[in-house]
Amino acid sequence: MKRFLAVLMLVVMMCGCVGLAEEQKFDYTVLEKLDGYNYDKFEKMWSLAGEYRIKAADGYISTTLIALGDKESVQGVMLTAGVYKSDGSLYSTIDKIEILADDTLISIKMMPLEEQQARLLTDTSVEALRLISEAKEISFKITLKNAGSGTFDPTEDEIANFVQAAKAIVENNMLSLSTNAGIDSEAIEKFEETYPITIEK
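Each value, and the rule that gives it
- Residues numbered from 1 in each chain as written.
- Predicted model: local features only at pLDDT ≥ 70, side-chain atom pairs only at ≥ 80, totals over all residues.
- Heavy atoms only, no water.
- Helix = DSSP H or I, 4+ residues; strand = E, 2+ residues; numbered from the N terminus.
- Buried < 20%, exposed > 50% of the residue type's maximum accessible area, 1.4 Å probe, protein only.
- Pairing = 2+ DSSP bridges.
- Axes fitted to C-alpha atoms, helices over the stretch in contact; angles between N-to-C directions.
- pLDDT = per-residue confidence, 0-100.
- Contact = heavy atoms within 4.5 Å.
- Phe/Tyr/Trp six-rings, centres within 6.5 Å; stacked < 30°, edge-to-face > 60°.
- Polar contact = N/O pair within 3.5 Å; in protein donor to acceptor, adjacent residues only side chain to side chain.

**Some remarks on unusual backbone geometry**
- Positive phi values are uncommon outside glycine, yet K44 reaches one of about 55°.
- Residue position: K44 is located in the loop between β1 (37-40) and β2 (45-56).
- Exposure remark for K44: the relative accessible area of 45% places this residue in the partly exposed category.
- Even without glycine at this site, N180 takes up a positive phi of about 50°.
- If you trace the backbone, N180 turns up in the loop between α4 (174-177) and α5 (185-194).

Pasting the structure below:
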């Protein structure tokens, strides 16, 4: 939980301008039975995480959909990614993630952070997550900064939690309800121009 919050705060700092976003009520208890759900009773914060982890000889690649919030609202929804050594330390930087959902290509430019890469997901990302949640076949192409790329075809079980998170985010309107950690609309617009998500059908 604290790691997710730290990533969200890094995104906020990178985006810059913060305003007073109006909080819209969200009943987080609808998520309680899902894999990847967690509630921190000390912080009074909830999170839902769906990870697709690709094993490598001396580490792994992680791509994770994360939604988190407090008792009454959604504070943010993110896609995080990183290439890690077996001890969990960062090995390499991911520049772009491409997801082929059936015949539709979703390209996501990632924001570089200190320990991983992240992309804040806003209400403009609904279509991308819907395509992922409804796809019968999903493939990933991970492009590393200055180190080439790799293509991966996960099994249904390997991608299950990632797809479940996408479905829950869409079905519960989390992107439209999110405060985006208070980042103002002008900063979000600039962020989305710098780190675009494109869809090619």
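**Quick notes on the sheet that holds strand β10 (residues 138-144)**
- Pairing is antiparallel across the open sheet formed by five strands, whose spatial order is β11-β10-β6-β7-β12. Edge positions in the sheet fall to β11 (149-152) and β12 (197-200), since each has one partner strand and no second. Sheet twist, expressed as the average angle between the axes of neighbouring strands with direction ignored, equals 15°.
- As paired elements, β10 and β11 share four bridges and run antiparallel to each other. Considered in β11, the bridge of K141 is made with T151.

**Digging into the confidence of the model for the protein**
- Taken residue by residue, the protein gives an average pLDDT of 88. The fraction at 70 or more is 88%.
- Predicted confidence is poor over residues 16-20, with pLDDT under 50, and the contacts of this stretch with residues over four places away or in other chains come to 11 contacts.

**Remarks on the packing of aromatic side chains**
- Taken as a whole and judged by the stated rule, the model has six aromatic pairs.
- Both rings, one in Y28 and one in Y39, keep their centres 5.4 Å apart while their planes meet at 5°; by these two values the pair is stacked. Of the two residues, Y28 is situated in the loop between α1 (2-15) and β1 and Y39 in strand β1; the sequence distance between them amounts to 11 residues.
- Judged by relative accessible area, Y39 falls into the partly exposed class, the value being 26%.

**Remarks on the pairing of strand β4 (residues 74-85)**
- β4 sits mainly inside the fold: 11 of its 12 residues count as buried.
- Once strand β3 (residues 59-70) ends, the chain turns through three residues before running back antiparallel as β4.
- Here β4 pairs with strand β9 (residues 117-120) via four bridges, running antiparallel. Looking at the pairing, L79 lines up with R119 of β9.

**Some remarks on the environment of Q117**
- You can see Q117 is positioned in strand β9.
- Between the C-alpha atom of Q117 and that of V83, which follows or precedes it by 34 residues, the distance is 9.4 Å.
- In terms of polar contacts, Q117 uses its side chain to reach the backbone amide nitrogen of I94, at 3.0 Å.

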